[in-house]
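Close look at the chain arrangement
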Amino acid sequence: ADCRYTCHQECRSLIQLDCRRPGQGQLSPESTLLPPCSQNVTQTVEEEKPEPPTVQEIKQKIEKYNAKVTNCLLMKLNEDGTYTGFIKVHLKLRRPVTVPAGIRPQSIYDALKEVNLAEMTDKRTSFYLPLDAIKQLHISSTTTVSEVIQGLLKKFMVVDNPQKFALFKEMRKDGQVLFQKLPLTEYPLYLRLLAGPDTDVLSFVLKENETGEVEWDAFSIPELQNFLMILDKEEKDKIQQVHRKYERFKQRLQQSLKEARGKPG
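Residues numbered from 1 in each chain as written. Predicted model: local features only at pLDDT ≥ 70, side-chain atom pairs only at ≥ 80, totals over all residues. Heavy atoms only, no water.

1. Remarks on the overall build of the chain
On a plain count of helices and strands, the chain comes out with 6 helices and 10 strands. Split into buried and exposed, the 265 residues of the chain put 25% on the buried side. Here the analysis covers contacts within the chain between residues at least 6 apart in sequence; of these, 65% occur between residues at least 24 apart. (Helix = DSSP H or I, 4+ residues; strand = E, 2+ residues; numbered from the N terminus. Buried < 20%, exposed > 50% of the residue type's maximum accessible area, 1.4 Å probe, protein only. Contact = heavy atoms within 4.5 Å.)

Laid out in structure tokens, this is it:
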């Protein structure tokens, strides 16, 4: 209750705390720990989905948002109830990305004609994108996280599978930086509208998709072949280590038997 220590329910009796409150000396764990939670909290409760905002509510939120904007990056409401605006995405990729080799940068003409330069060559190369690079996107309220990821990869001519990447929202609370992975069907511009234009309150980050499970479909054939080569090498190294271990054991055992033959009994 005082130091905000968190533990599992079954670990509560094992906790030893050294909490001190000014003027009261050391507190006992019994007086510091919160009472055990009810067993009913483990039951899954389906939250009711909030009703989508009306056009009038969206209009009021956009007016409130634009009033806080200090630059020209305003949101605009369309006649059909959708709206457009800008989001900034921080690129925090720690692994290299795959891009076409020998391709010139995309021009305005290419962008207007939707020319995909990556399809003009089969040659590929890898390089590291600058850490903490920022890309500004003009999107719609109907643009999903999946479309934002694909748009970012297209702008940088990255040919890696979009499943390798994920969009996170970064929030700051009580001096801590919190990251939350966004589902592919989420609408980033709506989150921007709710949070306001202050990027210290909410910002978007593109990172590697760390799901805990390897999504093999997201890798190309050469990448998968490299994985097999690495695994094959590790397997051979492990086999050699086992052989050397038991060969040394065999030699020591034979030496002990040889020495024992010359001794009585």
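2. Section: the confidence of the model for the chain
Per-residue pLDDT for the chain has a mean of 78; in total, 69% of the residues score no lower than 70. Predicted confidence for residues 37-47 stays below pLDDT 50, and this span has 1 contact to residues more than four positions away or in other chains. Residue range residues 107-112 is modelled with pLDDT below 50. Its contacts to residues more than four positions away, or to other chains, number 5 contacts. (pLDDT = per-residue confidence, 0-100.)

3. Focus on the packing of aromatic side chains
A full pass over the atoms with the stated rule returns 0 aromatic pairs. Across the ring face of Phe156, the terminal group of Lys135 is positioned such that the distance to the ring centre comes to 5.8 Å. Above the ring of Phe168, the side-chain terminus of Lys207 is found at 5.1 Å from the ring centroid. (Phe/Tyr/Trp six-rings, centres within 6.5 Å; stacked < 30°, edge-to-face > 60°. Lys NZ or Arg CZ within 6 Å of the ring centre and 35° of its normal.)

4. Quick notes on the pairing of strand S4 (residues 83-91)
Of the strand pairs in this sheet, strand S3 (residues 76-77) and S4 are connected by 2 bridges, and their pairing is antiparallel. Residue Lys76 lies in a different strand from S4, and its bridge partner there is Thr84. As judged from the 8 bridges shared by S4 and strand S7 (residues 133-140), these two strands associate in the antiparallel manner. Within the sheet, the bridge partner assigned to Phe86 lies in S7 and is His138. Sheet analysis places S4 next to strand S10 (residues 202-208), joined by 3 bridges and oriented parallel. Counted as the bridge partner of His90 is Val205 from S10. (Pairing = 2+ DSSP bridges.)

5. Here we look at the environment of Tyr187
Counting through the fold element by element, Tyr187 comes out in the loop between strand S9 (176-181) and helix H5 (188-195). Classification of Tyr187 as partly exposed rests on a relative accessible area of 37%. It is 6.6 Å that separates the C-alpha atoms of Tyr187 and Thr142, two residues lying 45 residues apart in sequence. With residues up to four places along the chain from it excluded, the contact list for Tyr187 reads Ser141, Thr142, Thr143 and Thr144.

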